[in-house]
Amino acid sequence: MEKAYLVLENGQVFKGRRFGAPLETEGELVFTTGMTGYLETLTDPSYHGQLVVQTFPLIGNYGLISADFESEKAHLSAYIVREWCREPSNFRSEGTLDTFLKSQGIPGLEGVDTRELTAIIREKGVMNARLCHSPEGTNFGRLCALRVSGAVAAVGCQKAYTVKAPNERFRVALWDFGAKKNIERELLRRGCSVSHIPPAYTAARILQLRPDGVLLSNGPGDPAENTGVIRELQALCRSGVPVFGICLGHQLLALAHGGETEKLKYGHRGTNQPVKSLLDGRVYITSQNHGYAVRRLPQGAETLFKNVNDATNEGIIYRNIPAFSVQFHPEAAAGPLDTGFLFDQFVKNMEVLRSCR
């Protein structure tokens, strides 16, 4: 099998074996701790521009299952594993990890010590890296200066469309910055028809749809970069429509109300992140994928959840508008189902507004 190299911006080099597409690439090196859910990781738009390291040593053992995809294609820049499974065993499997990555034009690297890579990221923080045929000739100045920009425009919904719920009770505008498919599934399951809205839409255009509620989706990149969305979100919230933010949506909602965000040292990525509710003291295990967090709360807002590991903000409730948001993924694909009740709370907020009309 062809050799390939992972070159970190600090000069460290890891030699491994290539699989997937035979391409060179570069981007931000991050790790995720999920023991399952590699299909969801591969197709999660929030990984746009990133080289993803799986801490679990064997990846691909239940094959390729398109029904589990979180979007139509893979979005990461490269996939790095200790070992990929050549002979998956699952009655639902439609192929192998290698075949899928080749079809998506995504390079993979196996045979490297992913534990050491993870330790480096945890110690030094996320850094840029290059996956290449040879480490010779690496331009470290350019590699260090590399930044992911325009991420939401790259992966967000390009054209508005609606998915009808068979038992429609409410109509939800899903402001789609790179939404995971399971957000839509959770809304449909609760009788909410879902209109996917491109990031470039204005508040006025969204309100013309007369939605019962607006859900702000997950997505990639630096939240503060999305100045147009933040401005329109301010206007949207003045309308009084119930709002629910998830991941990037959580950060954008905070920024729209005067909060501040910061880049974390190595982010939270995996299906085992503990968060504590400040309402009842209960701890929930959550699925997460983000590199930024809300550092300072907006006025008129209170912390709803906090991360048990590092005390970062994991949720906000707004007292002057019908809005709340969480940093984690309550749709949990893949991951625990502990916080699915937050979709029920969003539905309840829409019910309250309807009863007041």
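A quick note: this is a predicted structure, and the numbers were derived from the prediction, not measured. (Residues numbered from 1 in each chain as written. Predicted model: local features only at pLDDT ≥ 70, side-chain atom pairs only at ≥ 80, totals over all residues. Heavy atoms only, no water.)

*Asks:* Could you clarify how one ought to interpret the packing of aromatic side chains in this entry?
*Replies:* Scanning the model with the defined rule gives 11 aromatic pairs in all. On the numbers, 5.6 Å between centres and 50° between planes, the contact of Phe244 with Phe346 is tilted. Here Phe244, found in strand E14 (residues 243-246), pairs with Phe346, found in helix H10 (residues 341-356); they are 102 residues apart in sequence, far enough to count as distant. Looking at Phe244, the relative accessible area reads 0%, which means it is buried. Relative accessible area serves as the criterion here: at 0%, Phe346 is assigned to the buried category. (Phe/Tyr/Trp six-rings, centres within 6.5 Å; stacked < 30°, edge-to-face > 60°. Helix = DSSP H or I, 4+ residues; strand = E, 2+ residues; numbered from the N terminus. Buried < 20%, exposed > 50% of the residue type's maximum accessible area, 1.4 Å probe, protein only.)

*Asks:* What exactly am I supposed to notice about the sheet that holds strand E4 (residues 50-54) here?
*Replies:* Whether parallel or antiparallel, the strands of a sheet pair through hydrogen bonds between backbone atoms. The 7 strands are arranged E1-E2-E8-E6-E4-E3-E9 in a closed barrel whose pairing can be described as mixed. Along the sheet, successive strands turn relative to each other by an average axial angle of 35°, direction set aside. Relative to strand E6 (residues 78-80), E4 runs parallel, the two being bridged by 3 bridges. Within E6, the residue paired with Leu51 across the bridge is Ala78. Against the sheet, helix H2 (residues 97-104) makes contact with strand E2 (13-20), E6 and strand E8 (107-110), and its axis sits at roughly 90° relative to E2, the strand it touches most. On the sheet, helix H3 (residues 114-124) packs against strand E1 (3-8), E2, strand E3 (25-32), E4, E6 and strand E9 (127-132) and is oriented at approximately 90° with respect to E3. (Pairing = 2+ DSSP bridges. Axes fitted to C-alpha atoms, helices over the stretch in contact; angles between N-to-C directions. Contact = heavy atoms within 4.5 Å.)

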